[in-house]
Amino acid sequence: MAIMLLLVNVINERIWELGYIDKILQYMRLCFLALNNTINQFAYDFTRDKGPNILVYLTRVANVLLHINLLKFMVIETPVQRRSGNYPPSRWTDDLILSLKSTHEDDHGSENIEEIRQNVRQMVEGRDEPMAQMEFIDDLQRLGVSYHFEKEIKVVMDSIFDDRKECEDLYFVALRFRLLRQHGYNATPDVFQVFVDERGRFRNILAEDLKGLLNLYEASHLRFEGEDILKEAMDFTTHHLREGTTKSNNSDCKRNNSDCTLAIQIAQALEIPLSRRMLRSEARNYIDLYERMPRHHSCLLKLAKLDFNNVQSLYQAEVKEMSRWWRGLQLAENLKFAWDRKGLTKVGCLITTIDDVYDVYGTLDEVELFSEVVKKWEIVYIDKLPQYKRLCFLALYNTTNQFANDFMRDKGTNILGYLTRAWAELCKAYLVEAKWFYNGYTPTVEEYLDNAWVSISGPVLFIHAYFFVQHAIKEDAAMDIDHYINLITKSSMIVRLQNDLETSKGEIERGDVPKCIQCYMKEKSVSEEAARQYVDGLLGNAWKELHKECTEATSNGTSHPLVHFALNFARMAQFMYQHGDDFGFPERDYPVERILKLMLE
């Protein structure tokens, strides 16, 4: 109490002098210095521009506010019992992040990357055989460098699409189908009818063609609802590829490098199909694999390595920038429930913190108030919030307003309303789940999913991505955003279901709201195993629907970055939850190894 009185006295307009700050504690000195400098600057600017000295009025207002808070401080309240997420401390400290440096950073200037790109561009244009063209484009994509040659690839893909000659080479047909569908062309699975018997089943002799089987397997994962032949292809290839890997052994790899790389690709595909992999992670893995292939091109390999190192250095710079921003907010220090999940985006950091406010720390009354303040988006309402929620709202408010200000400055459009509505909808979804928890209510699967695709944060991220990646914003952005609603819902649903499958057990133990698995168990009175199978089926259907939406959106001329965002958001979930909850518990060996491989090696 005496310390608070000292601070009030120091801020009193009669002794608004730095000489008095030695009387207060260090952390209060920092507060006073920040307040003193800011208010003095306000007064100076006003005097400079308009003449009158307003310093005395500003210091009086500050003094009144301190007296009000002192009265609040004197009221004794019963401590609120709060839940804890029990998250482990992060090993990724600010000092460690800021010390990141690529081992190849000093080598970037030693290579003429533009000259290498030009050589590879000539290789793209100089291939006449369709098989060689498709294999090269596939390599460009998997090595993560296809974005350098989008125009050249488009020309080649147009010619491949126009060539409708029938072919009975399974590898050729499957690779062609996969590439066409990935690029948004109207590829029909009827091309695989030539490989089935009169009963509609794939002929067993195809099992001897492991390379063809692998590509048919990858193609089958791009199927749409109702494409039964691709479902048959998925079952057929999965069975025979697993059987083939069981028969193979390490001695085969030593004798034949080609067989070895094929065996590795099959094992990777059975773990996670190509269409669901994170692109940058795939590039890192495929560089190692491509270098071992007899058909690899040294020029392309060199470009892939240089490009990966350059992108890695860019990622390191971005992570350092985000770390400095996050440390500047001091949310992790002031909100003791928050744990320092470092992310590549400010939006992601804010989502994580606010999500924990609703799931772990806040009472029902507090989160109801917070939802209302976010909806109104006015600073004047924050006095209703407890201190920790004021910090959360101010961080959200200032960051979002800065996004809007920067956008207005650069592109002349006011997007604040779109951003704030997205945040309000997210908090509304969080509040629904909080009410379920406090009321002990288990929703139906339909009720849960109708809310859960929003609470997984996909719409908020997509709205920000829409404005961040679009080169030209249409006059009625709301209608344009509605055009992408199916992409948003399908992508978000995949993230939600993947999250539930891997994290529900731990989250339920921490006292979280029932997830899709628990909702189905109660609704249908079934076992957890049966519920997991049901949710896994929903996940598979969501992937089919997303692939169809992305293909149709691309063929209809929808902006590629937004289609890619929807796909990559879903791939992120597969990457993050493939071996458990790598997001909630990133300190385990597997996620650490993957982070080091992407960010340092």
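Reading the values: rules and limits
- Residues numbered from 1 in each chain as written.
- Predicted model: local features only at pLDDT ≥ 70, side-chain atom pairs only at ≥ 80, totals over all residues.
- Heavy atoms only, no water.
- Salt bridge = Lys/Arg side-chain N within 4 Å of Asp/Glu carboxyl O.
- Helix = DSSP H or I, 4+ residues; strand = E, 2+ residues; numbered from the N terminus.
- Buried < 20%, exposed > 50% of the residue type's maximum accessible area, 1.4 Å probe, protein only.
- Axes fitted to C-alpha atoms, helices over the stretch in contact; angles between N-to-C directions.
- Parallel < 35°, antiparallel > 145°, perpendicular 65-115°, else oblique.
- Left-handed = near helix turned anticlockwise from the far one by under 90°.
- Contact = heavy atoms within 4.5 Å.
- Nonpolar A, V, L, I, M, F, W, Y, C, P; charged D, E, K, R; others polar.
- Polar contact = N/O pair within 3.5 Å; in protein donor to acceptor, adjacent residues only side chain to side chain.
- Core = buried A, V, L, I, M, F, W, Y, C linked by side-chain atoms within 4.5 Å.

Asker: Please explain the pattern of salt bridges as it appears in this structure.
Answerer: Note on pairing: side chains with opposite charge can pair once their charged atoms come close. As enumerated under the stated definition, the model contains 21 salt bridges in all. Between Lys544 and Glu225 there is a salt bridge whose closest N-O contact spans 3.0 Å. With Lys544 in helix H25 (residues 528–555) and Glu225 in the loop between helix H9 (210–220) and helix H10 (228–247), this pair connects stretches of sequence that are 319 residues apart. Note on Lys544: relative accessible area 9%, which makes it buried. Put simply, Glu528 and Arg532 hold a salt bridge, and the shortest N to O gap is 3.1 Å. Of this pair, Glu528 and Arg532 both sit in helix H25, 4 residues apart, which is roughly one turn of that helix. What makes Glu528 partly exposed here is its relative accessible area of 36%. Connected through salt bridges with shared partners, the residues Arg142, Glu218, Arg277 and Glu282 form a single ionic network.

Asker: What is the right way to read the packing of helix H7 (residues 150–162) against helix H8 (residues 170–182) from this model?
Answerer: Each pair of packed helices gets described by two things: the angle between the helix axes and the distance between those axes. Contact pair H7 / H8: the axes reach a minimum separation of 11 Å and the direction vectors enclose 125 degrees. Considering their axes alone, H7 and H8 lie oblique with respect to each other. Crossing of H7 over H8 shows left-handed handedness. Packed against H7, whose contacting residues are Met157, Ile160 and Phe161, the element H8 presents Arg176, Leu179 and Leu180 at the interface. Of the residues belonging to the contact of H7 with H8, the class tally is 5 nonpolar, no polar and 1 charged.

Asker: I would appreciate a short explanation of the side chain of Arg277 in the present structure.
Answerer: Here Arg277 lies in the loop between helix H12 (257–271) and helix H13 (279–291). For Arg277, the side chain forms a polar contact with the side chain of Glu282, separated by 3.0 Å. Residues within four places of Arg277 in sequence aside, it is in contact with Arg142, Glu218, Gln268, Ala269, Ile272, Glu282 and Arg571.

Asker: Would you mind going over the nonpolar core with me for this structure?
Answerer: A general feature of soluble globular proteins is that nonpolar side chains tend to end up buried together. Grouped together as the largest cluster of nonpolar side chains are 80 residues, with contacts concentrated most on Tyr358, Phe370, Val374, Phe393, Trp423, Phe467 and Leu546. At 12 residues, helix H19 (residues 416–438) tops the list of elements feeding residues into this core. The contact partners of Phe370, leaving out residues within four places of it in the chain, are Ile354, Tyr358, Leu385, Lys389, Cys392, Phe393 and Cys427.

Asker: Got a minute to help me understand helix H24 (residues 516–524) in this structure?
Answerer: In an α-helix there are 3.6 residues to a turn, and that puts residues three or four apart on one side. Along H24, the positions that sit buried rather than exposed are Cys516, Ile517, Gln518, Cys519 and Tyr520. Looking at the residues trailing H24, positive phi occurs at Ser525, about 55 degrees.

Asker: What is the right way to read the environment of Arg127 from this model?
Answerer: Among the secondary structure elements, Arg127 is positioned in the loop between helix H5 (113–125) and helix H6 (130–142). On the basis of relative accessible area, Arg127 is assigned to the buried category, the value being 18%. The spatial distance from the C-alpha of Arg127 to the C-alpha of Val156 is 9.2 Å, given a sequence separation of 29 residues. Here Arg127 is in contact with Ala132, Gln133, Phe136 and His297, once residues within four sequence places are set aside. Reaching out from Arg127, the side chain makes a polar contact with the backbone oxygen of Met123 at a distance of 3.1 Å.

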